[in-house]
Amino acid sequence: MQLKVNGEQRNLDAGLTRLNQVIEALGHHPKLVVVEFNGLILTPDLTIGYINSRAERLLRISSNLLVRGQPLDDVLSVPQLEEAIVSVRHQQRPQRCEWDQQGAPLEAIVLPGSDEWMLVLLQSRQSLEAQQQQQERWVSDVAHELKTPLTALMLVSDRLEGSVSDQDGVLVERLQR
């Protein structure tokens, strides 16, 4: 695949080959599962070599705007992402960063590639936060639903305690435990 940047032809095959290797490696990693690729590929001079439509939506980039071949800084100004990219370039290790893009919480994992190419995987943190809130509400609701009948049983057992014979007192005692 060829890309023309500033009048110069560039070959994207090396970057796409590396992307396939990274995705394959992530698929075999016991703690990581790549379901779908949301992100972009950065060339060695930090221009956007490839970006998919899901990444454009997450970054709120108009689909009418042609961003392939454009410098990342011209398209997106995110200091956290820029810092992660610099760190990946120097350390050659994956880096993670978080930021809010026009009110939407995002997370990126920047992966080093061969010949200074980089893969930026994007994901919305909003769904993770919503899932955590739903779980907290469920635990709260279950706790409330359990407390109501238990309180009623305790009140009944207190009331019965004074009005039952000694023989039935053992049953009331068990109810109170």
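That block above? That's the structure.
In short, a report on the structure. In this numbering scheme, every chain counts its residues from 1 along its sequence in written order. Under the rules for a predicted model, residues below a pLDDT of 70 receive no local features and side-chain atom pairs below 80 are neither given nor counted, while totals for whole chains, interfaces and linings still include all residues. Side-chain calculation: all heavy atoms of the structure are included, whereas hydrogens and water are not.

A word on the pairing of strand β6 (residues 104–112)
Then step 1. Three exposure classes are used, based on accessible area relative to the maximum for each residue type with a 1.4 Å probe and protein chains only: buried under 20%, partly exposed in between, and exposed over 50%. Strands are runs of DSSP state E lasting at least two residues, helices are runs of H or I lasting at least four, and both sets are numbered from the N terminus onward. The buried fraction of β6 amounts to eight of the nine residues, a majority that puts the element mostly inside the structure.
Then step 2. Summarising the sheet, strand β5 (residues 95–101) and β6 pair through seven bridges and their orientation is antiparallel. Following the sheet pairing, glutamine 101 is matched in β6 by alanine 104.
Then step 3. Linkage of β5 to β6, two consecutive antiparallel strands, is achieved through a turn of two residues, within which glutamine 102 is found at a positive phi near 55 degrees. Paired strands, in this sense, are two strands between which DSSP finds at least two bridges.

Quick notes on empty space enclosed by the protein
Then step 1. A cavity here means a set of points on a 1 Å grid, drawn over the protein atoms and nothing else, where a 1.4 Å probe fits but cannot get out; a pocket is an open set with protein on both sides within 12 Å along at least five of seven lines, and a residue lines either one if it has an atom within 4 Å of a point. Grid points are joined across faces, edges and corners, and a volume is the space filled by probe spheres set on the points. Applying the stated criterion to the full structure yields two cavities of 30 Å³ or more.
Then step 2. Of the voids in this model, the second largest cavity is the one considered here, and its volume is about 40 Å³.
Then step 3. Along the walls of the second largest cavity sit Val88, Arg89, Gln92, Pro112, Gly113, Glu116, Trp117 and Met118, which together make up its complete lining.
Then step 4. Residue type decides the class: Asp, Glu, Lys and Arg count as charged, Ala, Val, Leu, Ile, Met, Phe, Trp, Tyr, Cys and Pro as nonpolar, and the leftover types, Gly among them, as polar. Of the residues contributing to the lining of the second largest cavity, the split by class is four nonpolar, two polar and two charged.

With respect to the side chain of asparagine 52
Then step 1. Positionally, asparagine 52 belongs in the loop between β4 (48–51) and α2 (53–58).
Then step 2. Among all residues touching asparagine 52, those that are not within four sequence positions of it are Phe37, Asn38 and Gly39. The criterion used for residue contact is that any of the two residues' heavy atoms lie within 4.5 Å.

Side note on the nonpolar core
Then step 1. Counting residues in hydrophobic clusters, the biggest one holds 24 residues, and the most contacted among them are Leu59, Leu81, Trp99 and Leu122.
Then step 2. Listed by contribution, the elements that provide at least two residues to this core are β3 (39–42), β4, α2, α4 (79–91), β5, β6 and β7 (118–124).
Then step 3. In terms of residue count, the dominant contributor to this core is α4 (four residues).
Then step 4. With near-sequence residues (within four places) excluded, tryptophan 99 lies in contact with Leu59, Val78, Gln80, Leu81, Ala104, Pro105, Leu106, Glu107, Ala108, Leu122 and Arg125.
Then step 5. Ile41, Leu111, Trp117 and Leu121 belong to the second largest nonpolar core, which has six residues in total. As used in this record, nonpolar core signifies buried Ala, Val, Leu, Ile, Met, Phe, Trp, Tyr and Cys residues forming a set joined through side-chain atoms within 4.5 Å.

So, the pattern of salt bridges
Then step 1. Salt-bridge detection follows one rule: a side-chain nitrogen of Lys or Arg within 4 Å of a carboxyl oxygen of Asp or Glu. Under the definition given, this model contains five salt bridges.
Then step 2. Two residues, arginine 125 and glutamate 98, come together in a salt bridge whose shortest N-O distance is 3.8 Å. Of this pair, arginine 125 sits in the loop between β7 and α5 (126–161) while glutamate 98 sits in strand β5; the two residues are 27 residues apart in sequence, bridging distant segments of the chain.
Then step 3. Under the relative-accessibility criterion, glutamate 98 is labelled partly exposed at 35%.

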